[in-house]
Amino acid sequence: TRDYVIGFAADDRVTVYIDDCKIGSNTDFEFWVTAVRNLSQGKHSLRMIAENVSRSDNSFAANPGVMGLEIYKSTYQQLKDADANGNLPGGGQID
């Protein structure tokens, strides 16, 4: 059992669940959302529900949707302190 940081975002909207419990959502192109969750050892279910809003002409052809999610073993503070390449002050990298 330990804390993990879950980061996610989508174009346009996404809601993320772990073990059927909502951990967060982003709407209308918000930046990367992070949530800290304590997870026990073993299997867990991860669910992302995303929505891509069509443009005024109701076409998705020129409006692709995308979503992303990462799970970090590093702490939230380590993620904040890391540089753009994932290097931590004093050495090491985010995990």
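See above for the structure.
Residue numbers restart at each chain and count upward from 1, following the sequence in its written direction. Selection of residues for local features in this predicted model requires a pLDDT of at least 70, selection of side-chain atom pairs for listing and counting requires 80 or more, and totals for whole chains, interfaces and linings are taken over all residues. To get the side-chain values, all heavy atoms of the structure are used, and hydrogens and water are removed first.

A.B. asks: Quick question: what am I supposed to make of the packing of aromatic side chains here?
C.D. replies: Each aromatic ring pair is characterised by the separation of its centres together with the angle its planes make. Here a pair means two rings of Phe, Tyr or Trp (six-membered ring of Trp) with centres within 6.5 Å. Their orientation is stacked below 30 degrees between planes, edge-to-face above 60, and tilted elsewhere. Tallying each qualifying case throughout the model produces zero aromatic pairs. Placement of a charge over a ring requires the Lys NZ or Arg CZ to be within 6 Å of the ring centre, with the centre-to-atom vector within 35 degrees of the ring normal. The ring of Tyr4 carries the charged tip of Arg2 above its face, separated from the ring centre by 4.9 Å. Between the NZ or CZ atom of Arg47 and the centre of the ring of Tyr17, over which it lies, the distance is 4.2 Å.

A.B. asks: Would you mind going over the pairing of strand E3 (residues 21-26) with me for this structure?
C.D. replies: Remark: a regular strand shows side chains that alternate across the two faces of the sheet. Two strands pair when backbone bridges link them, and strand E2 (residues 13-18) and E3 are joined in this way by five bridges, in the antiparallel orientation. Within E3, the residue paired with Thr15 across the bridge is Ser25. DSSP calls a pair of strands paired once it identifies at least 2 bridges connecting them. To qualify as a helix, a DSSP run of H or I must reach at least 4 residues; to qualify as a strand, a run of E must reach at least 2; elements of each kind are numbered from the N terminus. The hairpin formed by E2 and E3 contains two residues between the paired strands, and Asp19 there has a positive phi angle of roughly 50°.

A.B. asks: Explain the nonpolar core to me, please; I cannot follow it from the model alone.
C.D. replies: Core analysis: the biggest nonpolar cluster contains nine residues, these being Ile6, Phe8, Ala10, Val14, Val16, Ile18, Ile23, Val33 and Leu39. Elements with a contribution of two residues or more to this core: strand E1 (2-11), E2 and strand E4 (33-39). Aside from chain neighbours lying at most four places away, what touches Leu39 is Thr1, Arg2, Tyr4, Ile18 and His44. Buried Ala, Val, Leu, Ile, Met, Phe, Trp, Tyr and Cys residues form a nonpolar core when they are joined through side-chain atoms within 4.5 Å. Between buried and exposed lies partly exposed: a residue is buried under 20% and exposed over 50% of the maximum accessible area for its type, with that area taken using a 1.4 Å probe on protein chains only. When checking whether two residues touch, look at their non-hydrogen atoms; a contact exists if any pair is within 4.5 Å.

A.B. asks: What is the right way to look at the pattern of salt bridges in this model?
C.D. replies: Side-chain pairs of opposite charge can arise whenever the charged atoms involved come near each other. We define a salt bridge as a side-chain nitrogen of Lys or Arg found within 4 Å of a carboxyl oxygen belonging to Asp or Glu. Applying the stated rule across the entire model yields three salt bridges. One salt bridge connects Glu51 with Arg13, and the closest N-O pair in it is separated by 3.1 Å. On the criterion of sequence distance, the pair formed by Glu51 in strand E5 (residues 46-51) and Arg13 in strand E2 is long-range, its members being 38 residues apart. Classification of Glu51 by relative accessible area gives partly exposed; the value is 41%. Residue classification places Arg13 among the partly exposed positions, given a relative accessible area of 26%.

A.B. asks: Explain the sheet that holds E2 here, please?
C.D. replies: Note on sheets: strands pair through backbone hydrogen bonds, and any given pair is parallel or antiparallel. Taken in spatial order, the three strands of this open sheet run E3-E2-E5, and their pairing is antiparallel. Of all strands in the sheet, those bounded by a partner on one side alone are E3 and E5. For this sheet the average axis-to-axis angle between neighbouring strands, irrespective of direction, equals 15°. Alignment of E2 against E5, held across six bridges, turns out to be antiparallel. From the neighbouring strand, Val16 faces E5, where its bridge partner is Met48. Inter-axis angles, ranging from 0 to 180 degrees, are taken between N-to-C directions of lines fitted to C-alpha atoms, where helices are fitted over the stretch in contact.

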